[in-house]
Amino acid sequence: MGQGKSPDILVCLSENHSTLCFGSLTSFGSSDDPSSNLSTLAKTGLSFTNAFCSNAGAARTAFPILTGRPFDPAAPMWSEKNLLPWKLKQIGYETALFGSWNWTISPKKAGFDHWGILSDSSQFYNPTILSDRSSRKTEGHATDLITDLFLDWFRNHRQRNKPFFVLLSYNGAQRPWIPPIRFLNEYNEDWRSEEHTSELQS
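Colleague: I'd love a proper account of the confidence of the model for the protein chain, names of residues and values included.
Modeller: Close reading of the predicted structure is inappropriate where its pLDDT is low. When the pLDDT values of the protein chain are averaged, the result is 79; 72% of them are 70 or greater. Model confidence for the protein chain, summarised as mean pLDDT per element, is weakest for helix α6 (residues 194-201) at 49 and strongest for strand β2 (residues 94-99) at 97.

Colleague: Any details on the sheet that holds β2? Residues and values, ideally.
Modeller: Taken in spatial order, the six strands of this open sheet run β1-β6-β2-β3-β4-β5, and their pairing is mixed. The open sheet terminates on both sides in strands that have one partner only, identified here as β1 (9-14) and β5 (135-137). Averaged over neighbouring strand pairs, the angle between their axes works out to 15° when direction is ignored. With three bridges connecting them, strand β3 (residues 114-118) and strand β4 (residues 128-131) associate as antiparallel partners. In the strand pairing of β4, G116 is matched with S131. Its contacts with the sheet place helix α5 (residues 142-156) against β1, β2, β3, β4, β5 and β6 (164-170), and it is angled at close to 170° to β6.

Colleague: Hey, could you go over the pairing of β3 for me, with residue numbers and the actual values?
Modeller: Of all five residues in β3, five are buried, a share of seventy percent or more. In the sheet, β2 pairs with β3 via four bridges, with the strands oriented parallel. The residue bridging G99 from the neighbouring strand is I117, located in β3.

Criteria and cut-off values
Residues numbered from 1 in each chain as written. Predicted model: local features only at pLDDT ≥ 70, side-chain atom pairs only at ≥ 80, totals over all residues. Heavy atoms only, no water. pLDDT = per-residue confidence, 0-100. Helix = DSSP H or I, 4+ residues; strand = E, 2+ residues; numbered from the N terminus. Pairing = 2+ DSSP bridges. Axes fitted to C-alpha atoms, helices over the stretch in contact; angles between N-to-C directions. Contact = heavy atoms within 4.5 Å. Buried < 20%, exposed > 50% of the residue type's maximum accessible area, 1.4 Å probe, protein only.

This is the structure in C-alpha cells:
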C-alpha cells in the first residue's frame, strides 16, 4: 500500500471451519497446520477472533459483513445499495467475489464488479463456475479453483490504479470434508483417534 492510498481489503470466509482446526494441531497430538496460509495471513495482517455466528454457512457468515446487520431471514429486504461493496465502490474501490454464493440476489446486484461463483456450493470436485463473463465446467477441487480464480484476477484483470475489496468464500471446510485428490492419503495415520474426531465435531 502506497502512502495516501486506501488499503486493499481481502476477506476470506470458510463454511463451518472449526476454530480448533485453525493453526497448529498440537492439542490433537499433531504438528500439522491444515490452514498454514491462513495462519500466515493472520500473523501478517489481522486475525479477528471475537466474532460469533449461530450458523457458519457462507450466506449467514457473509451477511453481517456485507450488511452491517445480524442475519435475520424474516427481516424485510435491505436496500442493495447499502451493501458494503456498493459503499466501497462509491469511494473508488474495485470489488470482486470468488467462491460460494448462496444469496438470492446476484453478485452484480450486491455490488461486485467481478465474480466467479460455484453454481452449487455442495460440489467439491469439478464444479461449474459462473462468472461475470461466462459459465464453464472446471476440473479440480473447489478450494484450489476458488484460489486460482482470485489469483488470475489479481494478476491479470484488476485495475491497478484502484484499491480492491475481495470476498473469498470457501466451501471446502464443510462436511463431508473431501480434500483435493493429492491430499487424500496425506493425514490417514495422523490424529485420527475417536476422541479427537469427537472433539472436532462437538
